[in-house]
Amino acid sequence: MTFVLGLTGSIGMGKSTTANFFRARGVPVHDSDAAVHELYRGRAAPLVEAAFPGVVVDGVVDRERLAARVLGDAEALRRLEAIVHPLVAEEERAFLERARRDGAQLVIIDSPLLLETAQDGRCDAVLVVSAPPEVQRARVLSRPGMTEERFERIHVKQMPDAEKRRRAHFVVDSSRGLDAAERQVRDILRALSGRPGHRRQAEAPA
Ligand SMILES: CC(C)(COP(=O)(O)OP(=O)(O)OC[C@H]1O[C@@H](n2cnc3c(N)ncnc32)[C@H](O)[C@@H]1O)[C@@H](O)C(=O)NCCC(=O)NCCS
Ligand SMILES: Nc1ncnc2c1ncn2[C@@H]1O[C@H](COP(=O)(O)OP(=O)(O)OP(=O)(O)O)[C@@H](O)[C@H]1O
């Protein structure tokens, strides 16, 4: 049986970094943000262009142009999500089928909207990556092209971090450095070892 661990966290909390610690230990990871980026270079491009004319350049969705059209416009973002989320869900299903066929003991679904879109119903346990708000803000604002306004527009679309942590079986605090986060990942793997396939049996580490 394959144990499916959902990994989530709000913007800039350290999902990708934490997912990489699992990857480095041989755990297969499905990364929803990366899947979206790949889809924008391929089969999603004509669909997104039809809904938001002018956002595709040389056959590829220009994420800056698209962000300008959907962030801050709730109806537009909903339309975009209605195009993109079913395609991501398809890729995720194919990933899980492959993992089960290959006999993987543990896999990670890394998705920023795991709880917002009730994907956690398809997971055996949920890991939330978290950091204090000032750390999150500083990390996100240090990204090229990011502004306070853009950060706020994304932030308000996400479930509050405290609520995410409340729903988690495991929490990784990414504000204590890379070594500390790697140790937390090791502890989670230890807690899960011997339990693959047992739904909802993971416990938060002490
Ligand atoms: C708005 C877009 C164009 C901005 O692109 P950009 O390259 O700047 O960001 P990227 O895709 O890498 O996402 C970064 C982070 O933004 C946040 N975010 C992205 N989409 C959403 C959303 N629909 N709702 C809330 N937060 C979101 C997440 O924390 C994510 O980790 C892009 O995020 C997008 O197309 N979003 C809609 C698709 C979606 O819902 N993706 C989320 C995972 S399926
Ligand atoms: N444990 C950690 N210790 C120190 N810095 C970290 C840690 N985890 C993440 N970071 C830093 O925080 C920033 C955001 O991390 P990361 O890209 O992993 O977040 P994310 O949640 O995947 O972001 P997004 O929501 O945009 O997809 C990066 O600069 C990364 O180096």
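Residues numbered from 1 in each chain as written. Chains lettered and ligands numbered in written order. Predicted model: local features only at pLDDT ≥ 70, side-chain atom pairs only at ≥ 80, totals over all residues.

Looking at an unreviewed UniProt entry, one finds the protein named Dephospho-CoA kinase and attributed to Pseudochelatococcus lubricantis. Listed under Pathway (unreviewed entry) in UniProt, the entry text for the protein is "Cofactor biosynthesis; coenzyme A biosynthesis; CoA from (R)-pantothenate: step 5/5." Here is the UniProt Subcellular location (unreviewed entry) comment for the protein, exactly as written: "Cytoplasm". (UniProt positions renumbered as here; feature names shortened; annotations may be inferred.)

Glancing now at the site of ligand 2. The immediate surroundings of ligand 2 are formed by 15 residues, with Gly14, Lys15, Ser16, Thr17 and Ala181 found nearest. Ranked by residue count, the leading element in the shell around ligand 2 is helix 1 (residues 15-24), at three residues. Grouping the constituent residues of the shell around ligand 2 by class yields five nonpolar, seven polar and three charged. (Near = placed C-beta within 6 Å. Helix = DSSP H or I, 4+ residues; strand = E, 2+ residues; numbered from the N terminus. Nonpolar A, V, L, I, M, F, W, Y, C, P; charged D, E, K, R; others polar.)

Taken together, 21 residues lie near ligand 1, and Ile11, Arg63, Leu66, Pro112 and Lys157 sit nearest. Looking at the shell around ligand 1, the elements that each hand over two or more residues are helix 2 (32-40), helix 4 (63-70) and helix 5 (74-101). Sorting elements by how many residues they give to the shell around ligand 1 places helix 5 first, with six residues. Residues belonging to the shell around ligand 1 are distributed by class as follows: 13 nonpolar, four polar and four charged. In terms of domain composition, the shell around ligand 1 takes at least three residues from each of domain 1 (1-28 + 105-206) and domain 2 (32-103). (Domains from an automatic or database assignment.)

Before going further, it helps to spend a moment on the UniProt feature "binding site: ATP" (unreviewed entry) in the protein. Here, UniProt's "binding site: ATP" (unreviewed entry) annotation points to Gly12, Met13, Gly14, Lys15, Ser16 and Thr17. With respect to the helices and strands, Lys15 occurs in helix 1. Residue classification places Lys15 among the buried residues on the basis of 26 C-beta atoms within 10 Å. When near neighbours in sequence (up to four residues on either side) are disregarded, Lys15 contacts Leu7, Thr8, Gly9, Asp110, Pro112 and Val129. Of note, Ser16 is situated in helix 1. Taking the number of C-beta atoms within 10 Å as the measure of exposure, Ser16 has 17 and is therefore partly exposed. (Buried ≥ 20, exposed ≤ 12 C-beta atoms within 10 Å, placed from the backbone. Contact = placed C-beta atoms within 7 Å.)

Okay, the nonpolar core next. Counting 29 residues, the largest nonpolar core has Leu5, Leu7, Ile108, Val126, Leu127, Phe170 and Val172 as the members making the most contacts within it. For this core, the secondary-structure elements that each account for two or more residues are strand 1 (3-8), helix 1, strand 5 (106-110), strand 6 (125-130), strand 7 (170-173) and helix 9 (178-192). Counting residues per element, this core draws most heavily on strand 6, at five residues. One finds Leu39, Val48, Val55 and Leu80 within the second-largest nonpolar core, a separate group that totals 11 residues. (Core = buried A, V, L, I, M, F, W, Y, C linked by C-beta atoms within 7 Å.)

Split into domains, the protein comes out as domain 1 (1-28 + 105-206) and domain 2 (32-103). Domain 1 and domain 2 are separated by 21 Å when their C-alpha centres are compared. At the interface, 13 residues of domain 1 touch 10 residues of domain 2. Of all elements in the fold, only strand 5 and helix 7 (148-155) reach the threshold of two or more residues within the side of domain 1 that touches domain 2. Of the residues in the side of domain 1 that touches domain 2, the class split is six nonpolar, three polar and four charged.

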